[in-house]
Amino acid sequence: MSLVFDWSALRALTDGPGTGGVLRREPSDFRVEELPAYPLSGDGDFLFVQLEKTGHTTAHVLRELGAQLGVRDRDVGVAGLKDRHAVTSQWISLPVKYEDRLAAFSMDGVRVLDTQRHGNKLAMGHLGGNRFQVRVRDAAGRADEAAGTLAELVARGVPNYFGPQRFGLGGVNAEEGLRVVRGESRVRDPRVRRFLTSALQSVVFNGFVSRRLDRGVFDALLLGDMAKKHDTGGVFSVQDAAAETPRAQRGEVSATGTLFGRKVKPLTLDAGELERAVLDELGLSPEMFGSRKGDRRLTRVFPQDAQVTPEEDGFTLSFTLPKGSFATSVLREVMKTSVDAAAPELDGAGDEEGAE
């Protein structure tokens, strides 16, 4: 199992040949709208600003905003990071005292869509999800095929793979992450070391999801799984896989994979055997991730409000995903190409600062 990201090494759910096609010929071909996690109160000490940007990373916009308004980095709140090669909208928060200065803010490719007051600062991960509108070109006459694949994903869920944006340019961040956990890396910056280790966590998780697909248990449960309820978020240990699997097949619950760390326990029994096989193949152990807190991540997510619109040269896909999920996982299933395989940035869905 390679540490370098490669879509062809990860099992797809759907069996069709794919539509093929080209993404991002123009920035407007890829649109992302960040959905807030809660309604804004209209009152409070913070100003929430909805920005639309084209051709800029989130970090670039925030630096320019801070410079023009005189606001410190630590006083700016943001829920997620959005791609440069797209048209994206997202919310940020500022102390309300900067409200009068905002009217003078000017930056090519950036505009203010809305402002509202709220009582709390916006924090990383505080979003409900992302709405995507993606134009696929050079795929004329393939809209019906795309619609069929998308319908299967809505019914069965999308493999919740970490997309290539998680792994850096060339997909090689996990290789340095392995050197970090082995104590062999020369990287000293703690934040960079955390990010590199998170890429290694992501490789293990992706391998676990792919093996579930190989075993035919993507929408089933195994003894020892830690399953999550989609309606309440509750997590429980699977003690009777045969009794719980019908709930998974109805989309009520799904298995989770382990993002290893000191505060999360590995899976046990049949699910643990599958998980250990991934670790063993990479020469890893759970203890090597002691610098991270760890977490559990759903092995599948369900697109909402999904639709396909035929275009003269292809089609447009529209769908909503929960935070932390990657649009490229949907696009890969539909197109069956190595979508954005070498993309160095986030695709509008990488809203976690780093897997803990």
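Structure shown above.
Structure report, in brief. (Residues numbered from 1 in each chain as written. Predicted model: local features only at pLDDT ≥ 70, side-chain atom pairs only at ≥ 80, totals over all residues. Heavy atoms only, no water.)

### A look at helix 4 (residues 173-181)
No. 1: In terms of burial, helix 4 is a largely internal element, 7 of the 9 residues being buried.
No. 2: Within the sequence span of helix 4, burial applies to Asn173, Ala174, Glu176, Gly177, Leu178, Val180 and Val181.
No. 3: Buried residues along helix 4 sit against helix 5 (190-215).
No. 4: In the stretch just after helix 4, glycine 183 is the one whose phi turns positive, near 75°. (Buried < 20%, exposed > 50% of the residue type's maximum accessible area, 1.4 Å probe, protein only. Helix = DSSP H or I, 4+ residues; strand = E, 2+ residues; numbered from the N terminus. Contact = heavy atoms within 4.5 Å.)

### Structural notes on unusual backbone geometry
No. 1: For leucine 269, which is not glycine, the phi dihedral falls at a positive 55°.
No. 2: Mapped onto the elements of the fold, leucine 269 is located in helix 7 (residues 269-282).
No. 3: Of note, the phi angle at lysine 336 is positive, near 60°, even though the residue is not glycine.
No. 4: With respect to the helices and strands, the residue lysine 336 is situated in the segment after helix 8 (327-335).
No. 5: Exposure remark for lysine 336: the relative accessible area of 24% places this residue in the partly exposed category.

### Considering empty space enclosed by the protein
No. 1: Summed over the entire model, instances satisfying the criterion amount to 2 cavities of 30 Å³ or more.
No. 2: In this model, the largest cavity occupies a volume close to 50 Å³.
No. 3: For the largest cavity, the full set of lining residues is Glu34, Pro36, Ala37, Tyr38, Leu40, Phe48, Trp91, Leu122 and His126.
No. 4: The calculated volume of the second largest cavity comes to roughly 40 Å³.
No. 5: The wall of the second largest cavity is formed by Leu51, Lys53, Thr58, Val61, Leu62, Thr88, Ser89 and Gln90. (1 Å grid on protein atoms, 1.4 Å probe; cavity = no way out; pocket = protein on both sides within 12 Å on 5 of 7 lines; lining within 4 Å. Points joined across faces, edges and corners; volume = space filled by probe spheres on them.)

### A look at the layout of surface pockets
No. 1: The space that makes up the second largest pocket amounts to roughly 220 Å³.
No. 2: In terms of lining residues, the second largest pocket is bounded by 16 residues, among which Met1, Ser2, Ala9, Leu10 and Gly207 are the most central.
No. 3: Here the lining of the second largest pocket takes 6 residues from helix 5, the largest share from any one element.
No. 4: Considering only residue class, the lining of the second largest pocket consists of 8 nonpolar, 4 polar and 4 charged. (Nonpolar A, V, L, I, M, F, W, Y, C, P; charged D, E, K, R; others polar.)

### Focus: helix 7
No. 1: Given a rise of 1.5 Å per residue, 14 residues ought to cover 20 Å, and the 20 Å separating the end C-alpha atoms of helix 7 matches this to within 8%.
No. 2: Among the residues of helix 7, Ala271, Gly272, Leu274, Glu275, Val278, Leu279 and Leu282 are the ones counted as buried. The buried residues of helix 7 occupy an angular sector of 160° when projected down its axis, which confines them to one face. Among the exposed residues of helix 7, those pointing more than 90 degrees away from its buried face are Glu273 and Asp280.
No. 3: Its buried side turned inward, helix 7 meets helix 5, strand 10 (253-259) and strand 11 (295-298). (Expected span 1.5 Å × (residues − 1). Arc of directions from axis to C-beta.)

### Side note on the sheet that holds strand 11
No. 1: Read from one edge of the open sheet, 4 strands run 9-8-10-11, paired in antiparallel fashion. Strands at the two margins of the open sheet, each flanked by one partner only, are strand 9 (235-237) and strand 11. On average, adjacent strands in this sheet sit at an angle of 45° to one another, irrespective of strand direction.
No. 2: Two strands pair when backbone bridges link them, and strand 10 and strand 11 are joined in this way by 4 bridges, in the antiparallel orientation. Paired with leucine 259 across the bridge in strand 11 is aspartate 295. (Pairing = 2+ DSSP bridges. Axes fitted to C-alpha atoms, helices over the stretch in contact; angles between N-to-C directions.)

### Digging into the side chain of threonine 197
No. 1: Structurally, threonine 197 is set in helix 5.
No. 2: One polar contact links the side chain of threonine 197 to the main-chain carbonyl oxygen of arginine 193, over a distance of 2.8 Å.
No. 3: When near neighbours in sequence (up to four residues on either side) are disregarded, threonine 197 contacts Gly177, Val180, Val181, Phe289, Ser291 and Arg292. (Polar contact = N/O pair within 3.5 Å; in protein donor to acceptor, adjacent residues only side chain to side chain.)

### As for the pairing of strand 14 (residues 314-322)
Moving residue by residue along a regular strand, the side chains alternate between the two faces of the sheet.
No. 1: Here strand 14 lies mainly inside the structure; 8 of its 9 residues are buried.
No. 2: Bridge count for strand 6 (residues 127-136) against strand 14 is 8 bridges, and the pairing is antiparallel. Within strand 14, the position partnered with glutamine 133 by the bridge is serine 318.
No. 3: Here strand 13 (residues 304-311) runs beside strand 14; their pairing, made up of 6 bridges, is antiparallel. Residue pairing in the sheet places glutamine 307 in a bridge with serine 318 of strand 14.
No. 4: Linking strand 13 to strand 14, which pair antiparallel, is a turn of 2 residues.

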